[in-house]
Amino acid sequence: MADDGIAAGMDRLSTTTKEEEDYEHESKERVLLLYFLQEWKLVKSLVDGIVSHRRVSDPSAVHKIRSILDKYQQQGELIEPYLEYMVPPMMDIVRSRTTELGADSDEILEVIKPICIIIYTLVTVCGYKSVIKFFPHQVSDLELAVSLLEKCHNINAATSLRHESTGEMEAKCIILLWLYILVLIPFDISSVDTSMANSIRAGVDGPPPLVLRILEFCKDYLSSAGPMRTIAGLLLSRLLTRPDMSKAFTSFVDWVHNILSSAENDVIDHFRLLGAVAAVAAIFKIGSTKFLQPVVTILWTDASVLMKSPMATRSSLLRKYLIKLTQRIGLTCLPRQTATWRYVGRNVTLGENNIPSHVGKDNNQSSDLVNVNSSINASQETSFFEEEEEEEDMDVPDIIEDIIEVLLSGLRDTDTIVRWSAAKGVGRIASRLTYALSDEVLSSVLELFSPGEGDGSWHGGCLALAELARRGLLLPVSFPKVVPVIIKALHYDIRRGPHSVGSHVRDAAAYVSWAFGRSYYHRDMTNVLEQLAPHLLAVACYDREVNCRRAAAAAFQENVGRQGSFPHGIDIVNTADYFALSSRTNSYLHVAVCIAQYNGYLSYFVDELLHSKICHWEKGLRELAATALSHLVKLKPEYFADVILDKLVPCTLSTDLCMRHGATLATGEVILALHECNYALSTDKQKVAAGVVPAIEKARLYRGKGGEIMRSAVSRFIECISRAQVSLTEKIKQTLLDTLNENLKHPNSQIQNAAVEAVRQYIRTYLVSVERKGVDRIISKYLKQLTDPNVASRRGSALALGVLPFEFLATEWKSILTKLCSACEIEDNPEDRDAEARVNAVKGLVSVCETLTKAGELSAFFSGDDRLALFHFIKDEVMSSLLKALDDYSTDNRGDVGSWIREAAMDGLEKCTYILCERDSEDQEKWSVSDLTRSDSSNNDQSTAYFDSTLANSLVGGIAKQAVEKMDKLRESAARVLQRILYDKTISVPHIPHRDILERTVPDDAHLKWGDPTFSYPRFIQLLQVSCYSRYIVSGLVISIGGLQESLRKASLGALLDYLQSDSGEDGPRVLSLSSDIQWVLQKYRRCDRVIVPTLKTVEILFSHKILLNMEAHTPVFCNDVLDSLATELKGTKDFSKLYSGITILGYIASISGPVNTKAFSHLLTFLSHRYPKIRKYAAEQVYLVLLGNGALMSEDKLDEATEIITETCWEGDLEEAKRRRLQICQMAKIEIATRTVNVTGAKPTNVSEERDENATYSSLVGSAGF
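Residues numbered from 1 in each chain as written. Predicted model: local features only at pLDDT ≥ 70, side-chain atom pairs only at ≥ 80, totals over all residues. Heavy atoms only, no water.

Enquirer: I'd like to hear about the overall build of the chain, residue by residue, with values.
Expert: Looking only at helices and strands, the chain features 63 helices and two strands. Per-residue burial for the chain yields a buried fraction of 52% across its 1267 residues. Long-range pairs, those at least 24 residues apart, make up 72% of the contacts in the chain with a sequence separation of at least 6. Accessible surface for the chain amounts to roughly 58,300 Å². Of this, 51% is attributable to carbon and sulfur atoms. (Helix = DSSP H or I, 4+ residues; strand = E, 2+ residues; numbered from the N terminus. Buried < 20%, exposed > 50% of the residue type's maximum accessible area, 1.4 Å probe, protein only. Contact = heavy atoms within 4.5 Å. Areas by Shrake-Rupley, 256 points an atom, 1.4 Å probe, with all protein chains shown as cover.)

Enquirer: Break down the environment of E676 for me, citing the residues and quoting the values.
Expert: Its place among the elements puts E676 in helix 35 (residues 657-676). As for E676 and K634, which are separated by 42 residues in sequence, their C-alpha atoms are 8.7 Å apart.

Enquirer: Got a sec to walk through the pattern of salt bridges? Specific residues and values, please.
Expert: Under the defined criterion, the tally for this structure stands at 65 salt bridges. Notably, a salt bridge pairs K113 with E168, separated by 3.8 Å at the nearest N-O pair. On the criterion of sequence distance, the pair formed by K113 in helix 6 (residues 107-126) and E168 in helix 10 (residues 168-182) is long-range, its members being 55 residues apart. Each member of the pair, K113 as well as E168, is classed as buried. (Salt bridge = Lys/Arg side-chain N within 4 Å of Asp/Glu carboxyl O.)

Enquirer: Just give me the short version of the state of the cysteines, but keep the residues and values in it.
Expert: Defined simply, a disulfide is a covalent bond joining two cysteines at their sulfur atoms. Using the criterion set out here, one finds zero disulfides in the structure. Free of any disulfide, C912 has its nearest neighbouring cysteine sulfur in C849, separated by 4.7 Å. Residue class for C912 comes out buried when judged on its relative accessible area of 0%. (Disulfide = S-S within 2.5 Å.)

Enquirer: Can you tell me about the packing of aromatic side chains, naming the residues and giving the values?
Expert: What the rule picks out here adds up to 30 aromatic pairs. A ring pair is formed by Y601 and F605, whose centres lie 6.4 Å apart and whose planes are at 35 degrees; its orientation type is tilted. Taken as a pair, Y601 and F605 share a single burial class, namely buried. An aromatic cluster of three or more residues is present, and its members are Y343, F479, F516, Y520 and Y521. (Phe/Tyr/Trp six-rings, centres within 6.5 Å; stacked < 30°, edge-to-face > 60°.)

Enquirer: Quick rundown of helix 13 (residues 246-261)? Include the residues and the values.
Expert: The end-to-end C-alpha distance of helix 13, which contains 16 residues, comes to 22 Å, matching closely the 22 Å that a straight helix rising 1.5 Å per residue would cover. Turning to helix 13, its buried residues number three or more, namely A248, F249, F252, V253, W255, V256, I259 and L260. Buried residues of helix 13, seen end-on, are gathered within an arc of 160 degrees and therefore sit on one face of the element. (Expected span 1.5 Å × (residues − 1). Arc of directions from axis to C-beta.)

Enquirer: An account of helix 26 (residues 479-490) is needed here, citing residue identities and associated values.
Expert: Here helix 26 spans 16 Å end to end across 12 residues, near enough to the 16 Å set by a 1.5 Å rise per residue. Of all the residues in helix 26, the buried ones are F479, V482, V483, V485, I486, I487, A489 and L490. Check the buried side of helix 26 and you find it contacts helix 24 (435-446), helix 25 (455-470), helix 27 (503-519) and helix 28 (522-542).

Enquirer: How would you explain the packing of helix 28 against helix 32 (residues 602-613) if you had to name every residue and give the values?
Expert: Closest axis-to-axis distance for the helix 28/helix 32 pair is 10 Å, and the angle between their directions is 55 degrees. Taken together, helix 28 and helix 32 sit at an angle that is classed as oblique. Crossing of helix 28 over helix 32 shows right-handed handedness. Residues P534, H535, L537, A538, C541 and Y542 of helix 28 form the contact with helix 32, whose participating residues are Y604, F605, E608, L609 and K613. Counted by class, the contact of helix 28 with helix 32 contains eight nonpolar, one polar and two charged residues. (Axes fitted to C-alpha atoms, helices over the stretch in contact; angles between N-to-C directions. Parallel < 35°, antiparallel > 145°, perpendicular 65-115°, else oblique. Left-handed = near helix turned anticlockwise from the far one by under 90°. Nonpolar A, V, L, I, M, F, W, Y, C, P; charged D, E, K, R; others polar.)

Enquirer: How would you summarise unusual backbone geometry if you had to cite specific residues and measurements?
Expert: A positive phi angle, close to 60 degrees, is found at Q725, a residue other than glycine. Its location among the elements puts Q725 in the loop between helix 38 (707-723) and helix 39 (730-744). Overall, Q725 belongs to the exposed group, its relative accessible area being 57%.

Enquirer: Please provide a residue-by-residue account of the side chain of S1125, values included.
Expert: Inspection of the secondary structure puts S1125 in helix 57 (residues 1114-1129). Assessed through its relative accessible area of 3%, S1125 is described here as buried. Every residue in contact with S1125, bar those within four places of it in the chain, is listed here: L1082 and Q1083.

Enquirer: Lay out the packing of helix 38 against helix 39 with the relevant residues and their values.
Expert: At a minimum axis separation of 10 Å, helix 38 and helix 39 run at an interaxial angle of 135 degrees. Judged by the angle between their axes, helix 38 and helix 39 are oblique. For helix 38 against helix 39, the interelement crossing comes out left-handed. Residues R711, V714, S715, I718 and I721 of helix 38 touch helix 39, and the partners they reach there are L736, T739, L740, E742 and N743. Taken together, the residues that form the contact of helix 38 with helix 39 break down as five nonpolar, three polar and two charged.

Enquirer: Can you explain the confidence of the model for the chain? Please cite residues and give values.
Expert: Predicted coordinates in regions of low pLDDT should not be interpreted in detail. For the chain, mean pLDDT is 85; residues scoring 70 or higher make up 86% of the total. This model gives residues 348-390 a pLDDT under 50, and the stretch forms 37 contacts once residues within four places in sequence are excluded. (pLDDT = per-residue confidence, 0-100.)

Enquirer: Mind laying out a negative patch on the surface, listing which residues take part and the relevant values?
Expert: A grouping of D395, D398, E401, D402, E405 and E440 is seen on the molecular surface, where their side chains present a negatively charged patch. Among the elements that take part in the negative patch, helix 22 (residues 399-410) stands out by supplying three residues, more than any other. Given a relative accessible area of 41%, D402 falls into the partly exposed group. (Patch = residues over 30% accessible without salt bridge, like charges linked within 9 Å, V, L, I, M, F, W, Y side chains within 5 Å. Lys, Arg positive; Asp, Glu negative; His and termini not counted. Charge placed at Lys NZ, Arg CZ, Asp CG, Glu CD.)

Enquirer: Pulling in residues and values, what's your account of the environment of E730?
Expert: Looking at the secondary structure, you find E730 in helix 39. With 36 residues separating them in the primary sequence, E730 and Y766 have C-alpha atoms 9.5 Å apart.

Enquirer: A description of the environment of G1191 should follow, citing residues and the corresponding values.
Expert: Along the chain, G1191 falls in the loop between helix 60 (1173-1189) and helix 61 (1196-1208). The sequence separation of G1191 and S1151 amounts to 40 residues, and the corresponding C-alpha distance is 9.0 Å.

Enquirer: Tell me about the side chain of D888, and please be specific about residues and values.
Expert: Along the chain, the position of D888 falls in the loop between helix 46 (864-885) and helix 47 (898-930). Note on D888: relative accessible area 2%, which makes it buried. A distance of 2.7 Å separates the side chain of D888 from the side chain of S890, its partner in a polar contact. Apart from the residues within four sequence positions on either side, D888 is in contact with I826, R838, G898, S899, I901 and R902. (Polar contact = N/O pair within 3.5 Å; in protein donor to acceptor, adjacent residues only side chain to side chain.)

Printed below as a string of structure tokens:
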């Protein structure tokens, strides 16, 4: 059996091995499918369809392929393995179809343009060099491609504005790239130009006609603003550098010279100038020295003049191309040889740096190999001076000095693209120079880091140093003067007004450090790493910009990986990874603390925070830096207590606002951190800390610019020393209390909140044990400020009362709660109303209740009767005030500010509910023990409960109302509160009516999106079937249905209609219940336009859906109630929306059968003589519709006459004429007019005042516009 198992195992092993071998030899396409382009199956099917039809039959296929490929813009290398399967067949279609149809055919463009769009997309994703390798390159294709380009070029004028969308631009680019390959044919182009055979130019000395055509097209495209300009330059560089194109090249240089020397300030001329310079730069990139030498002088003269012109000053792209041209001219003038003195650095890839495994078996061999590599550069350092003597004979043209000067000035340019190109040029030029000249270039680059230079110079200098290091042109002997410069650049941050500049410099400095790690051996980098590593990590942890943090971490990681043997390097790299540094807070408070634990980093980190971050221009960063400094205290408390505090305290009085603000915060945070580390400050240190705030006040640093910032910092400082229990004198205690009281009255909410937190800690630490007289003085002061005319005083005092300890509240709790309840109500005087004060009053009220109930049970201040009275007060007064706050719908220029109070009230109701329910549960436990023998103990459930069913009904109903109103945030908050009340695991909330329905409506799921109206309304609308909640739901629902937000109206109305349609019949109980609730709303909120206007709009919408009009016996009752409400609401109103809705409702009621229609019609006719012309016109339209729909309102013989009067009268005209017409209609309908008599004859009555013009006032004009 064992042998069988072994044999089976061997079979499986051999099968697996065979599968692996088969897998290794599988088709390349299958391997690519597994590892690269995920959508390859779809792309391949679309490409196969194009190839099979030999054209794009479905235009959507192009869009699909393009959308898939665009996702790989940042990872084009993943697409490159598929180019072999995509490019050749599509280019074959372009080639073959052009041969078949002819380049002059109009159909050919419709065939190739969609295909060129796909190929061009591949070019943008993978780059042209990867794609053109798969283009066809037969000699016969040259004339074909030129003819095809000519066809595309000739239709440019007709569709120049549409070529992006139709594929013409892509077609031109692809054909130009095709020619870029075809012009490399190894034959004389004149030998393949068929037009030469029968041409009279056979003996003429000049370029072949085919070349002239290509040159003509390219010159036109050099004036283009699109990608054709760049590709045309590439094509010219390949064409004109051919051995047989010397005359064409000379002619082109003359053309360029004319353009460069006669540049004008014109848009087209500017694009031509860009194209010409880019083309010449491309030619100098690949042309031979012998070929280019004759034109160097003329082109350098033109380029140097153009560099100083106004056009170059305005165009960064032109300066970039000129810098490219300048450096390539310099390379042309220098011999093509590699500097023998350069540093032979490490290999580019890590794999090539690894020692082979067979060598690693012998430690001696391994060390010998490393020593050999190191000795190469050691020998170089000792011998390059000898080689330098031989290189002194190298002839360096005078033009090189000017070129280097231009490149160094390019390093100072204002645009990054120019500086980057100049840095590359400096590196390339230096690689052709002798060591002495190259060292002079390095010295010139280091001059860019002088204090007088701008941020552009520092950035360009860093890029140049990186290029020199990468090319081995920066020798280790230069490290002592280069490394200090890099360290300065890593911390470069210059204040510019309200912001700073320097992030690009710090990023470039990290790039230099990264280049060092890749270029040098560990033997040469040992001292450099010891200097750079702490600064790199300080930037990685504490830089403001995420790209700088990540760049510094990447540079450190590169040095750790390539240099090796770095202390704790791997651990630090794992801690400061790419994602950990994405959050600034995480970098400051967690990553930095982890790294600072290792030896040698703490002092650098502390210095970075002290000298750069707590004085930073950004307020949030200073606060974060102060917190970060406190997190480092636990690593070395003695150092912070003895050294850092001595540095921080004097800075609290600095003349620089940022410094004193950050120092004040940092001082407080460090003192608190020392206390948390159980480090006791000496008496002298405590005296110094206690004197910080008095010193700030004595220096009057609260005044002027920055006073608000210092107030919040001082409040935080007081909070910290209070928590640290720093000893204070009585005088300083009073000074700090006065400071906090002043901050409480400040109108800035951030200062108030900081002061409130400080008061909470300060009173608990220093004032709990004071005499009762002092306590009463503090409480009376805060209570008095609750009614202060200054709204800021009311806001701060309400919050302050909420944070007072139990010892302060115990004796005066009733007066405090009463005052806070009064402060929650809307002020009678409109000028005194303040939403923030009421919000703070609600928060303070709830906080006081929590403090009294939680500490009251354990305190001797409260007797049993006091506790009972407290809970009765919470039930009767506090809950009533909070429920009343749910009806706070105040508005001002900021919008619905009452929503802030309602949101705070819901949170307070939840907390007070838990307080009452917890008390009830405790009482029930006592009753279960002491009242077992009493016969009436079963009746104590509801009669003695603080939280009964009545209160539960009001609570749930009020919150449910907020859950169906118009604000998403409030609906979300209300649903969450209701969810917590129903499913709280700690405290059970009893006596909730119809709890089962509520639990079905609001399930216990934290991931439900209650803010989405399409989700929340269909759920909460089900509560309409519960009579105790229906009125609350309707009163909130009408606000949403009748509101202005269309999406909200659609969702809420749809939910209501679905709910009503699921009822049995049109007169079902749901419709009847809804009508009763609407009647209640109209009565409850009489003359309250906030509710009445959307309610009338809701009734109008329901009437339009034939709802509420077919309730048989109940319809007249409902309509009569609505008419009574309209008589009250529409009387004297100037609200157009209310008038429109009311008139529409009257029209619907007048159209039904029954006695109520006459009453509605009579009311409707009164609006025919309304003072507003628009209202008269709208009322006339409704009267006309009523007469058409209900002929019973007047006899048939009068009906036609009445409709004729309605249609022919200009109701927006004269008011007297409208009154006469209305009287006629009333007489026809036999309706008596109870108002004053109207003079039908038109005579002006003597006892009636003249009617004012309806547009006489501005408010009427604004109202008529619908606002």
